[in-house]
Amino acid sequence: MNPLTPPDTARRQFLKSMAAGSVVAGLAACGGGGGERSNPVPPASTRTWRLGFSPNPPRPTTQAVITGIDLWSQRAELAVIHEEMPWRDLLAGMTPDAILDRDKVQLVNYLRGKGLQLVYIGDLSDGLSRPDEAPQLRALGRSLTEPTVQRACRDYMVAVVRRLTPEFVGLAAETNLIRAAAPAALYQAVVRTANDTADAIRAAGAAMPLLISVQVETAWGVLGGNGSYVGIDTDRTDFPFIDMLGLSSYPYFAYARPEDIPDDYYSRVLLGTGLPCMATEGGWTSANVGSFTSSPGMQARYVTRQAQLLDSVSARALLHLLFADPDMATFPQPLPPNLPLFASIGLTDSEFNPKPSLASWDALHRRRLL
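About the criteria used
- Residues numbered from 1 in each chain as written.
- Predicted model: local features only at pLDDT ≥ 70, side-chain atom pairs only at ≥ 80, totals over all residues.
- Heavy atoms only, no water.
- Salt bridge = Lys/Arg side-chain N within 4 Å of Asp/Glu carboxyl O.
- Buried < 20%, exposed > 50% of the residue type's maximum accessible area, 1.4 Å probe, protein only.
- Helix = DSSP H or I, 4+ residues; strand = E, 2+ residues; numbered from the N terminus.
- Expected span 1.5 Å × (residues − 1).
- Contact = heavy atoms within 4.5 Å.
- Pairing = 2+ DSSP bridges.
- Phe/Tyr/Trp six-rings, centres within 6.5 Å; stacked < 30°, edge-to-face > 60°.
- Lys NZ or Arg CZ within 6 Å of the ring centre and 35° of its normal.

The tally for this structure, following the rule as stated, stands at 22 salt bridges. Of the charged contacts in the structure, one is a salt bridge between R142 and E146, with a shortest N-O distance of 2.9 Å. Given the relative accessible area of 26%, R142 is considered partly exposed. Across the salt bridge formed by D325 and K355, the nearest N and O atoms sit 2.6 Å from each other. Remark: K355 occurs in the loop between β9 (317-320) and α15 (356-366) and D325 occurs in the loop between β9 and α15; sequence separation between them is 30 residues. Just as D325 is buried, K355 falls in that class too. Put simply, D97, D101, R162 and R163 are held in one network by salt bridges that share partners.

For helix α10 (residues 184-203), with 20 residues, the first-to-last C-alpha span of 28 Å sits near the 28 Å given by 1.5 Å per residue. Of the residues making up α10, those classed as buried are L186, Y187, A189, V190, V191, T193, A194, N195, T197, A198, A200 and I201. Lining the buried residues of α10 we find α8 (147-164), β5 (168-170), α9 (175-181), β6 (210-215) and α12 (233-238). At the exit of α10 stands G205, carrying a positive phi of roughly 95°.

Turning our eyes to something else, we now look at the pairing of β6. Counting buried positions along β6 gives six out of six residues, so the element sits mostly inside the fold. Side chains of β6 alternate between two faces, with L210, I212 and V214 and L211, S213 and Q215 buried alike. Looking at chain direction, β5 and β6 are connected through two bridges and run parallel. Bridged to V169 within β6 is L210. For β6 and strand β7 (residues 244-249), the ladder comprises five bridges, and the chain directions are parallel. Counted as the bridge partner of I212 is L245 from β7.

What follows is about the packing of aromatic side chains. Summed over all chains, the structure comprises 17 aromatic pairs. Feature note: the residues Y250, Y252, F253, W284, F292, Y302 and F342 constitute an aromatic cluster, connected by ring pairs. It is R268 that lies over the ring of W220; its NZ or CZ is 5.2 Å from the centre. Here R268 stacks its cationic end above the ring of Y229, 3.8 Å away from the centre of that ring.

Treat this as a map of the structure, not an account of what it does.
Dropping the structure here:
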């Protein structure tokens, strides 16, 4: 197993539990590194990147979803839905339109009513454990390597584009981590499915940017690697359709302080690609967890540091999946013991009380969007 898998597994299991399909249905019913380190620079007055959050709530209730959206939509231009395919329903014969009507349409309408644009990212492997097939496929004894399963994914994503009209669409997440951790057959199935889906979306006449995401720590080799830079050349070759590159980064696993992140942390990954980019997920813990030492003030500095890195590549978006920390006692038990590593990356606590990082975020939001 790739050394990156344990923290990645914990993060994604936590995020999946927070997605809580019943909560979404309830809302519908309601209506190092290397590289050079930075010196302090004066804050910019403009930004090229839109800000956004996921509707993941701090506890699995409809009211928590609504309260969260009402709060974070005041400081964002984008909403992101990042999720696993609904394999069980799709392979049981339920139509993509019926699934979207049940689970997504009214949620997206609520987000649109806040003036938000939509980023939709579909995850093709097990978001809980990158070496593995998606959990629903495993439970059914099925595999993404099957043409029928690949076709179901393609049809669902085409329906997502047609029904939800997202402004940006992601067709695979953290492809470099999948390649490092999963069997070759599963990675190749991800490649085929994403490429076939891209062709189908374009054949249907949709023109929004298509993307995949890569994990920046994996590209740099500073988490689970030997510290040598790896890059993303293989990802660029295997997914030639992409119009934009997504960046996934949780650098507190690799660096002691936000200021230690190299200035070219993003620009080196993008070098020679000619691609625009967006930060599709990431964060910095506000608490001491495991062997990692942090604080609310350090998390606030990371938000500012992240903005500097995005400025350096004229990024298009900064997406933060957790607005609020989870109240882990309210989610299905038992939880993996390493989930606390990711339970403090929100910008508020589980009661929506702001942390210092929210003030840093709001300072970014006040910058004039170009």
